[in-house]
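Working through the structure, step by step
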Amino acid sequence: MSDTLAITLRGVVKRYGSNTVLRGIDLDIRHGEVTCLIGPSGSGKSTLLRCMAFLEEHDAGLIRVAGDPLGFDAARNRLPQTEIARVRRNIGMVFQQFNLWPHMTALGNVAEGLRQVLRLPKRQAQERAMAHLTRVGLADRASYYPSQLSGGQQQRVAIARALAMDPKIVLFDEPTSSLDPELTGEVLNVMRSLADDGMTMVVVTHEIGFAAHVAQHLVFLDEGQVALEGRAGDVFAQPWHPRLRQFLETYLDRGASVLLG
Amino acid sequence: MTWELVVLLGWGAVMTAALSIVSITVGLAIGVLICAASLSRVAPLKWFGRVYVSFFRGVPLLVLLLLIYHVLPQLGLDVPGVVAALIGLTLCTSAYQAETLRGGFVNVAPGLMEAGRMVGLNARQILLRIRAPIALRLTLPALVNEAIMILKASSLVSVVGVGDLTRTAQNLASSTFLPLEMFAVAGAYYLLLNIVVGYGGSGLGRLLGLRPA
Amino acid sequence: MSDFSALREAMPEIVDGLWLTLAMWLAASALGLVLGLAIALARRFGPVWVDRPLWAVVGVIRGTPFLVQIFLLYYGGPFIGLELDPTPAGLGGLALYGAAYFSEILRGGLLAIPPGHVEAGMCIGLSRLQIVRRIMLPEMTLLVLPASVNMFVVLLKETAVLSIITVPELTMAVTGFGSANFAFSQAALVLAIVYWTLTELTGGLGRLLERRLDRFKLA
């Protein structure tokens, strides 16, 4: 296992009852790269991302995070809860619905893992949490409760919460999909600056512009399979793939014409 | 414990069911009026509705029954215990139903009424064809719950001498010295009645095209 | 009231009754809440063989009148070796009754927590116990507040029923005075006003608390 690979997936299958959502995914996520997962709704991209955090348990295949198997080993023995938690520590997650805890302030949300998981003393946890809030530009909102923040601010707090645990990889599950259009910019800017700092990121997104400009690695999923994958520029430069072309035409009204020339 | 006793208790259950059905239906009618009053823009009406709901929900049913049972004769109305019991149950449930209905009415999304206005419905049509049906759908589960509550609460009429299920069980318990059995069977009857009401409610819900809650 | 000195004479008994009502209400509420929480957690996180019997017990308590339960306990108890004085029987019965309802309220609260909030906790590495303690229980508390206040009011009103098994609480004390002095309706009126005041106060306190917790609520 090369240590340049942050996450590897081999033959990953996920079913819900008789509905097979992922049909044997092989994928490598490299360190220091931004990987964008795009595809039509129902293509399985969110499920794939959630499998990478073991929020969904894959039914077959092997997922390794930083070299270690996630959830199940190669012989498909279920790993103990502590081992799952240990491997998961490499990963931070940002959700579509933010999922901030409503009974904690912004600072409390970010400090929670530092206090309860890393067992940092209160002062130290709060200082580190504050530093992360500052990084996402919300130092002045530290004492606000989630209900008192806009959607964009909540999502930035959620990013700070994920970063505070010092993950090697951050997964983003449609981070701007439940935001008003004028609020997506502030979240995308934070993500762009993270990418510039060399953070390994996997992003499920409908923001094709973000994917085109920020991603190094682009994965187009269709019907539970990787339909197309490669350097972002290459994929968008050759939209000869009929499904990708169709997808781009449907999902973009203005952007597509620019990209498709 | 003989079949005879189970049948005797069964007659008590019939009395309990009858009391509940009457008070629930009359209570619903009064509840609609009280709900309308408390949603009214006329201040005295609104106040009357609010105080009515607050009082009859705030006083224990037992105390309410005692009050009615003793006050009516003083007003020159010498009514049998059954009537006092029915009045008490009805007043109590009407207040709860009024409050439930008010919640339903207030929670109908304003956009649905605006949409009605935009297709040209008048205020009356919007109330009768849009707001009221939606409010009823929103409150049906709570109204079924209320029916179950009053069915159980009706056991208190036994204290004003009405021969309902609980009173029958009490009488039989003291005459047979089998309180454990009598009250257990009475409890089983109440459970049975509640299950019937619950099923009836979800059947009604299906009839109105509601998904089960 | 016909005779004022009779009332003065009965006053200590009535005041004692009021205190007993308040004490039994608060004790039964607290016991019911704790037991209800235990039932809710056991049903939510425990195995099926724990969930099923609890489901049945809770269903029976919620499906039958409190009066019948209290009769069963007080008059039926001695036949199975459970001889209780009225006050402990009333307290135990009321606490059990409250526990059944509270367990359903709290279980509903646990089920209403968005799964993403739990997933977020898993993702930053909180243990299961930490997730329950730090995320689920506080969020549940916010969600169940209105229903719980309602239940407290219900329990307050049910304390009046305990007079039927001769617990010397407020209703017993006041109706006792009423029948001794042939002032039945006056006694009932006084009771109605006292209970109405108490339930309104409780409801008002609940609403105040709810407003104070408003900022924790997400839209």
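Owing to the predicted nature of the structure, the values given are computational and were not obtained by experimental measurement.

1. A look at the overall build of chain B
For chain B, the helix and strand inventory stands at eight helices and zero strands. The order of α-helices and β-strands along chain B, N terminus first, is α-α-α-α-α-α-α-α. Relative to its 213 residues, chain B shows a buried fraction of 45%. Intrachain contacts of chain B at a sequence separation of at least 6 include 74% that bridge at least 24 residues. Placing the 14 positive and 7 negative side-chain charges of chain B at their respective mean positions leaves the two points 21 Å apart.

2. Details of the side chain of A:Arg156
Residue and element names in this part refer to chain A. Within the secondary structure, Arg-156 sits in helix H5 (residues 151–164). A distance of 3.4 Å separates a polar atom in the side chain of Arg-156 from the backbone oxygen of Gly-137. Beyond its immediate chain neighbours, meaning those up to four positions away, Arg-156 contacts Val-136, Gly-137, Leu-138, Glu-186, Val-187 and Val-190.

3. What about a nonpolar patch on the surface?
All names here are of chain B. A contiguous nonpolar patch, built from Trp-3, Val-7, Trp-11 and Val-14 and spanning about 530 Å² of accessible area, is present on the exposed surface. For Val-7, the location among the structural elements is in helix H1 (residues 3–39). A residue is classified by how much of its surface remains accessible, and Val-7, at 45% relative accessible area, is partly exposed.

4. Some remarks on the pairing of strand S1 (residues 5–16) of chain A
All names here are of chain A. Of the strand pairs in this sheet, S1 and strand S2 (residues 19–30) are connected by nine bridges, and their pairing is antiparallel. Across the sheet, Val-13 pairs through a bridge with Arg-23, a residue of S2. Taking the residues between adjacent antiparallel strands as the criterion, S1 and S2 are bridged by two residues, where Gly-17 takes a positive phi near 60°. Strand direction decides the pairing type here: S1 and strand S4 (residues 60–65), joined by five bridges, are antiparallel. Residue pairing across strands places Arg-10 opposite Leu-62, the latter belonging to S4.

5. Details of the nonpolar core
In globular proteins that are soluble, nonpolar side chains generally tend to be buried together. One finds A:Ile7, A:Met52, A:Leu133, A:Ile159 and A:Leu171 to be the most contacted residues of the largest nonpolar core, which totals 200 residues. Examining the composition of this core, we find that 10 residues originate from one element, helix H4 (residues 86–112) of chain C, more than from any other. Once residues within four sequence positions are removed from consideration, A:Leu171 is found in contact with A:Ile7, A:Leu49, A:Met52, A:Ala53, A:Ile91, A:Gly92, A:Met93, A:Val94 and A:Val202.

6. Looking at the interface of chain B and chain C
Facing the 31 residues of chain B at the interface are 33 residues of chain C. Around 2,700 Å² of area is buried between chain B and chain C when both sides are counted, 77% of it from carbon and sulfur atoms. Between the two partners, chain B and chain C, sit zero salt bridges. At the level of elements, helix H2 (43–58), helix H3 (61–74), helix H7 (165–176) and helix H8 (179–207) of chain B are the ones that each hand at least two residues to the side of chain B that touches chain C. Of all the elements, H8(B) adds the most residues to the side of chain B that touches chain C, at eight residues.

7. Thoughts on the side chain of A:Glu112
Of note, A:Glu112 is situated in helix H3 (residues 106–116). Engagement of the side chain of A:Glu112 in a polar contact is seen with the side chain of C:Arg134, the distance being 2.6 Å.

8. Focus on the sheet that holds S4(A)
Residues and elements named next belong to chain A. Pairing within the open sheet is antiparallel, and its four strands lie in the order S2-S1-S4-S5. A strand with exactly one partner marks an edge of an open sheet, and here the two such strands are S2 and strand S5 (68–69). Here S4 pairs with S5 via two bridges, running antiparallel. Each bridged residue has a counterpart across the sheet, and for Val-65 the counterpart in S5 is Asp-68.

9. A look at a positive patch on the surface
Positive charge collects at one region of the surface, where A:Arg115, A:Arg119, A:Lys122 and C:Arg133 lie side by side. Owing to a relative accessible area of 47%, C:Arg133 belongs among the partly exposed residues under this scheme.

10. Overview of unusual backbone geometry
All names here are of chain A. Phi at Arg-76 takes a positive value of approximately 60°, unusual for a residue other than glycine. One can find Arg-76 in the loop between S5 and helix H2 (81–88). A relative accessible area of 35% means that Arg-76 is categorised as partly exposed. At Arg-119, a residue that is not glycine, the phi angle is positive and equals roughly 60°. Here Arg-119 lies in the loop between H3 and helix H4 (122–135).

11. Considerations on the interface of chain A and chain C
Of the residues lining the interface, 25 residues belong to chain A; the matching set on chain C comes to 22 residues. Looking at the side of chain A facing chain C, the largest losses of area belong to A:Trp101, A:Pro102 and A:His103, adding up to 26% of the total buried there. Here chain A and chain C share two salt bridges between them. Between C:Arg134 and A:Glu112 there is a salt bridge whose closest N-O contact spans 2.6 Å. On the surface where chain A and chain C come into contact, there are eight residue pairs in polar contact (both at pLDDT 80 or more). At the level of elements, H2, strand S6 (91–94), H3 and H5 of chain A are the ones that each hand at least two residues to the side of chain A that touches chain C. Sort the elements by how many residues they give to the side of chain A that touches chain C and H3(A) lands first, with three residues. Across the side of chain A that touches chain C, the residue classes break down as 12 nonpolar, eight polar and five charged.

Calculation notes
- Residues numbered from 1 in each chain as written.
- Chains lettered and ligands numbered in written order.
- Predicted model: local features only at pLDDT ≥ 70, side-chain atom pairs only at ≥ 80, totals over all residues.
- Heavy atoms only, no water.
- Helix = DSSP H or I, 4+ residues; strand = E, 2+ residues; numbered from the N terminus.
- Buried < 20%, exposed > 50% of the residue type's maximum accessible area, 1.4 Å probe, protein only.
- Contact = heavy atoms within 4.5 Å.
- Lys, Arg positive; Asp, Glu negative; His and termini not counted.
- Charge placed at Lys NZ, Arg CZ, Asp CG, Glu CD.
- Polar contact = N/O pair within 3.5 Å; in protein donor to acceptor, adjacent residues only side chain to side chain.
- Patch = residues over 30% accessible without salt bridge, like charges linked within 9 Å, V, L, I, M, F, W, Y side chains within 5 Å.
- Areas by Shrake-Rupley, 256 points an atom, 1.4 Å probe, with all protein chains shown as cover.
- Salt bridge = Lys/Arg side-chain N within 4 Å of Asp/Glu carboxyl O.
- Pairing = 2+ DSSP bridges.
- Core = buried A, V, L, I, M, F, W, Y, C linked by side-chain atoms within 4.5 Å.
- Buried area = accessible area lost by both parts, 1.4 Å probe.
- Nonpolar A, V, L, I, M, F, W, Y, C, P; charged D, E, K, R; others polar.

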